[in-house]
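# Coordinate inspection notes
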Amino acid sequence: MSDEPRDPSAHTEVHRVADPDSTRVAGYLAQPGEVGRVLLLYSGGLDTSVMLKWIQDEYEAEVVALTVNLGQPGEDYDVVRGKALQLGALDCHVVDAREEFVREYVLPAIKANADYGDGYPLFTSLGRPLIAKLAVEYARTSGCDTIAHGCTGKGNDQVRIEGTVATLAPELKVIAPVRSWAMGRDEEIAYARKHGIPVKGGTESAPYSIDDNLWGRSSEGKWIEDLAHAPDDDVFQLVTRPELAPDEAQTVDVTFEAGVPVALDGERMEPVELIERAAEIGMRHGVGIVDHIEDRIVGLKVRDIYEVPAAAILLKAHRELERLTGTIHQNQFKPGLDQKWAYLVYAGLWWEPLRNDLQAYIDHVNRRVTGTIGVRLYKGNVRVVTRESPNAVYDAQLATFAESGGLFSQNASPGFIELWTLQSRMAHRLASGGE
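For the structure given in this document, a descriptive report is provided here. Every chain begins its residue count from 1, and numbering advances along the sequence as written. Where totals are concerned, whole chains, interfaces and linings use all residues; where local detail is concerned, this predicted model gives features only for residues with pLDDT of at least 70, and gives and counts side-chain atom pairs only at 80 or more. Excluded from the side-chain calculations are hydrogens and water; all other atoms, namely the structure's heavy atoms, are used.

Before going further, it helps to examine the overall build of the protein. The secondary structure content of the protein amounts to 14 helices and 14 strands. Overall, the C-alpha framework of the protein stretches about 95 × 55 × 45 Å when taken along its three principal axes. Accessible area is worked out with a 1.4 Å probe on protein chains only. A residue is then buried under 20% of its type maximum, exposed over 50%, and partly exposed in between. Residues classed as buried in the protein amount to 47% of the 435 residues present. Sequence separation of 24 or more characterises 73% of the internal contacts of the protein that already satisfy a separation of 6 or more. Positive charges are assigned to Lys and Arg, negative charges to Asp and Glu, while His and the chain termini are left out of the count. Charged side chains are reduced to one point each, which is NZ for Lys, CZ for Arg, CG for Asp and CD for Glu. Seen as two clouds, the 44 positive and the 66 negative side-chain charges of the protein have centres 3 Å apart. For the purposes of this entry, the term helix denotes a DSSP run of H or I that reaches at least four residues, the term strand denotes a run of E that reaches at least two, and both are numbered from the N terminus. Pairs of residues are marked as contacts when any of their non-hydrogen atoms sit within 4.5 Å.

Now the structure itself:
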């Protein structure tokens, strides 16, 4: 508990997260009397800034803030930390988790060709289990009994974060003020003004709800909720609109080793730098814009606008190289596993054993996914144009329409056709009355 005197008038009129006499709907949710020190996942925005003050007042609890850098553009983390301390946090830990994010989450997603609903490359879904894992680690080292986050009750992120905490640290409790305090943006701004909380970007209503990291960016809200409304230009703050992209196409060679991208245009680089470089190139050429209808795991169907330039390039190249190095049977079988992998991650089940089981197979297949794929970028399009791999299940002499021998004898084809169609021909004969 804090030793500083508290002003009773500083309390908000909003009800507490839970009534002590109410039924606990989940074992990990904190009751007011159970909260002594809170680890708050803190971004520096309006919601979490109000939460930082509100938790101190409503729960009479101490707060330790945690800010995680996953490559969000334009953030000044010194400012974020200073603001948290100014609002009364005991400490504010700023963690640069970009390398761990890429190596432990994004690279496995590339190997799994991760895509949910034929459009969403899981950038938010990949970041949440890491953020929640770090929250558990810092809560334990900071002596916290509770973790707080800023997710709403309508999104998937509450599932991803709370599910991770409940899995990794069942001794910790969780509070989700935004889900329970029922404050709208105007009320939050009024609360911020009353308590001297600086509001990032001013107090005007933000046109979109943004979430981003180095693997992508999403926009929600405003006209996006109107399915008949075509995208307004101001939503694209990351990717160049395709009609404004360069008139000259650019070909990029992406080199993989065992399924991991290691070089662009022959220049080797570490994974974080490679993804940032791919994003820069993709942004310039207008690639990676996705206007997507998505089925959330909480039952809602929503529309999102995604900007995913690095994923648009790297996933396309990886999928093509995997197809080149795999057999017909592997190439028919693996997409189903990839789809299941993506669904588990999207649904907040990163720690589900099946996800690890699928990862083992995916990693095994990717041992042979080595080579270089050339993709041509032009005004929003990504097209594969060249392929090369020492493990390609391909032989130019066998593939040619000219006469070939060796492993493939054209004279053997009629016998193959007769056997291959035997059951189909018999079934057709029976269905047509034996004629």
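Right, let's get into the sheet that holds strand β6 (residues 209-213). Overall, antiparallel pairing links the four strands, which are arranged β6-β7-β12-β11 in an open sheet. Edge positions in the sheet fall to β6 and β11 (289-295), since each of these pairs with one other strand and no more. Direction aside, neighbouring strands of the sheet carry axes that sit 25° apart on average. Two strands pair if DSSP finds at least two bridges between them. What counts as an axis is a line fitted to C-alpha atoms, over the stretch in contact for a helix, and the angles between N-to-C directions run from 0 to 180 degrees.

The next thing to look at is helix α9 (residues 309-325). Here the expected span of a helix is defined as 1.5 Å times the quantity of residues minus one. End to end, α9 covers 25 Å across 17 residues, agreeing with the expected 24 Å (1.5 Å per residue, within 8%). Most of α9 sits out of view: 13 of its 17 residues are buried.

What follows covers the packing of helix α1 (residues 46-59) against helix α7 (residues 185-194). Helix packing geometry: the angle between the two helix axes and the distance between the axes. Look at α1 against α7: their axes get within 10 Å of each other, and the N-to-C directions meet at 60°. Relative to α7, the element α1 lies oblique. Two packed elements cross with a definite hand, and for α1 against α7 that hand is left-handed. Facing L46, D47, V50, K53, W54 and D57 of α1, the residues of α7 in contact are R185, E188, I189, Y191 and A192. Classifying every residue of the contact of α1 with α7 gives six nonpolar, no polar and five charged. Reported orientations rely on four angle classes, namely roughly parallel under 35 degrees, roughly antiparallel over 145, roughly perpendicular from 65 to 115, and oblique for the rest. By convention the crossing between two helices is left-handed if the near helix lies anticlockwise of the far one by an angle smaller than a right angle, and right-handed if it lies clockwise. Note that Gly is not counted as nonpolar here; it falls among the polar residues with everything else outside the nonpolar set of Ala, Val, Leu, Ile, Met, Phe, Trp, Tyr, Cys and Pro and the charged set of Asp, Glu, Lys and Arg.

Our focus in this paragraph is the sheet that holds strand β8 (residues 250-257). Strand pairs in the sheet, formed through backbone hydrogen bonds, run parallel or antiparallel to each other. In spatial order, the strands read β10-β9-β8-β13-β14; together these five strands make up an open sheet with antiparallel pairing. Edge positions in the sheet fall to β10 (267-268) and β14 (381-388), since each has one partner strand and no second. Sheet topology note: the strand β9 (residues 260-264)/β10 ladder contains two bridges and is antiparallel. Across the sheet, residue L264 finds its bridge partner in β10, namely E267. Of the strands in this sheet, β8, β9, β10 and β13 (371-378) are in contact with helix α8 (residues 271-284), which crosses β9 at around 65°.

Shape is all these values report; function is a separate question.
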